[in-house]
Amino acid sequence: MPPLIESIGDLVRHVVHLGILLVLMAALPLAAAPQQEYRVELSFPQRYVGFDTCENPPWNAVRVRMTFRLLSRPENATLYLHLYSVDRCAAYFSVHVNGFAVADEVKLEGLEGAPGEGRPWDVYLPIPVPANYLRKGENIVEVTLVRMCSEVWLFKCGAKHFYLYNDSYLELAYPAVTVTFDCKPRVCRYAEAWVTTPLGVLQRVRLSPPGKLTVARGSRVNFSVEEVVESGATRYVYRGYEEREGGSETLVIARYATYHYVSVSTPVGEVRGGGWDEENSTATVSVATRVVELPNATRFVFSGWNGSLSSPTVSLKVDSPKTLVASWVREYYVSVGPPLTKLSGWYR
């Protein structure tokens, strides 16, 4: 599981983590499927870069390199370059993503007006990026000035008429997947879902089963659930999970085993058995001895269990919490000698 944003130790006493990687490769009718959209900021150290080599070729000496990381490849991507101009000066750029050319010569042209007198020109230029040009891990975007000219002053432009700002961004679209979390039997009171988006951002969502959340295909989802849920003399213990995928929906079920407490007690002597037993299992309980001798010619003799059980050792099906209490009768040793008669033995 990736590192958690914050500790959840103060929320529950027992927690178990279910690591579930959702890379759902089943074919979807993507045109109709909902999408999750993300925005990747493309930045570089400076606030902006001015393209000022009009008088100092070669043009491709002006190059801006920006990097970003992805956990999975999107379905669609569009690059938005933030460009600014103050003159009616035309510039031609090439854009490469991971070495692939997504635009050979993109023409950017300022508004009407003589150099230094034109109206400011500010735009986020959209450039479609084929999804197969992107990759898992580090990605590189390079913007290069190919050439520059002026429609007013022949082929000469003044210095720094075009600027590329460091708030350019990439818009990514992923098919959306609905994840439904539940537990069987439905005893867990909550689930913490830790979602790592395709951009590597960790988000926490708290669900009350059955709960739903929508994530991008390729996200990593980890669930945290209570390991032990107690309800009186019944206890539920986490035993694993199962995952069912179907198109744009995924069902995650946490499985719990049910245990019941078998309480065994006795006012005299010792008993064996008892404790937590799994539902529908067979529990065996017994008394250590049927007779408990006392030093004053007195003894206790086992007479049965509460209910109709009389054997000192009994086996019973644990289909619910059970309470067994051993019953005993007190006996006294009586001895009568002659001359009347001779009689001895244990009597109640």
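To be clear, the structure that these remarks concern was listed above.
Residues numbered from 1 in each chain as written. Predicted model: local features only at pLDDT ≥ 70, side-chain atom pairs only at ≥ 80, totals over all residues. Heavy atoms only, no water.

**Section: the overall build of the chain**
Part 1: The helix and strand inventory of the chain stands at zero helices and 26 strands.
Part 2: Within the span of the chain, comprising 348 residues, buried residues form 43% of the whole.
Part 3: Carbon and sulfur atoms make up 49% of the accessible area of the chain, which amounts to about 18,400 Å² in all. (Helix = DSSP H or I, 4+ residues; strand = E, 2+ residues; numbered from the N terminus. Buried < 20%, exposed > 50% of the residue type's maximum accessible area, 1.4 Å probe, protein only. Areas by Shrake-Rupley, 256 points an atom, 1.4 Å probe, with all protein chains shown as cover.)

**Focus on the nonpolar core**
Part 1: Within the largest apolar cluster, 31 residues are counted, with the highest numbers of intra-cluster contacts made by Leu 79, Leu 81, Val 95, Ile 127, Leu 134, Val 141 and Leu 170.
Part 2: Mapped onto this core, the elements with two or more residues apiece are β2 (35-42), β4 (63-70), β5 (76-85), β6 (89-97), β7 (100-109), β8 (121-129), β9 (137-150) and β11 (168-184). (Core = buried A, V, L, I, M, F, W, Y, C linked by side-chain atoms within 4.5 Å.)

**Observations concerning the packing of aromatic side chains**
Part 1: Inspection of every chain in the model, using the stated rule, returns nine aromatic pairs.
Part 2: An angle of 25° between the planes, with centres 4.7 Å apart, marks the rings of Phe 181 and Phe 223 as stacked. Of this pair, Phe 181 sits in strand β11 while Phe 223 sits in strand β15 (residues 220-226), and the two are 42 residues apart along the sequence.
Part 3: Here the aromatic residues Tyr 80, Tyr 124 and Tyr 169 are joined through ring pairs into a cluster of three or more.
Part 4: One residue, Arg 39, lies across the ring of Tyr 169, its end atom 3.6 Å from the ring centre.
Part 5: The residue whose ring lies beneath Arg 206 is Tyr 190, and the NZ or CZ to ring-centre distance is 4.3 Å. (Phe/Tyr/Trp six-rings, centres within 6.5 Å; stacked < 30°, edge-to-face > 60°. Lys NZ or Arg CZ within 6 Å of the ring centre and 35° of its normal.)

**A closer look at the state of the cysteines**
Part 1: Under the counting rule described, the total for this entry stands at one disulfide.
Part 2: Between the sulfur of Cys 183 and that of Cys 188 lies a disulfide, 2.0 Å long from S to S. The disulfide joining Cys 183 to Cys 188 has a torsion of about -115° about its S-S bond and is therefore left-handed. As far as the burial class goes, Cys 183 and Cys 188 line up, both buried. (Disulfide = S-S within 2.5 Å.)

**Looking at the side chain of Thr 298**
Part 1: With respect to the helices and strands, Thr 298 occurs in strand β23 (residues 298-305).
Part 2: Side-chain polar atoms of Thr 298 contact the backbone oxygen of Asn 296, separated by 3.2 Å.
Part 3: Those residues in contact with Thr 298 that sit more than four places away from it in its chain are Glu 293, Arg 330, Glu 331, Tyr 332 and Trp 346. (Polar contact = N/O pair within 3.5 Å; in protein donor to acceptor, adjacent residues only side chain to side chain. Contact = heavy atoms within 4.5 Å.)

**Details of the environment of Pro 312**
Part 1: Of note, Pro 312 is situated in the loop between β23 and β24 (313-317).
Part 2: Between the alpha carbons of Pro 312 and Ala 326 there is a distance of 8.6 Å; along the sequence they are 14 residues apart.
Part 3: Beyond its immediate chain neighbours, meaning those up to four positions away, Pro 312 contacts Val 285, Ser 286, Val 287, Arg 290, Phe 302 and Trp 305.

**Describing the sheet that holds β24**
Part 1: Within the open sheet, the three strands sit side by side as β19-β21-β24. Their pairing is antiparallel. Since the sheet does not close on itself, it has two edges, and those belong to β19 (271-272) and β24, each with one partner. (Pairing = 2+ DSSP bridges.)

**What about unusual backbone geometry?**
Working note: non-glycine residues mostly have negative phi, and peptide bonds are mostly trans.
Part 1: For the peptide bond that leads from Lys 184 to Pro 185, omega is -10°, which places it in the cis range.
Part 2: Structurally, Pro 185 is set in the loop between β11 and β12 (191-196).
Part 3: Residue Pro 210 follows Pro 209 across a cis peptide bond; omega there is -5°.
Part 4: You can see Pro 210 is positioned in the loop between β13 (202-207) and β14 (211-216).
Part 5: Residues other than glycine seldom take positive phi values, yet Asn 98 does so here, at roughly 55°.
Part 6: Note that Asn 98 resides in the loop between β6 and β7.
Part 7: Overall, Asn 98 belongs to the buried group, its relative accessible area being 13%.
Part 8: Positioned with a positive phi, Asn 280 is a non-glycine residue whose angle comes to about 70°.
Part 9: Residue placement: Asn 280 occurs in the loop between β20 (275-278) and β21 (282-287).

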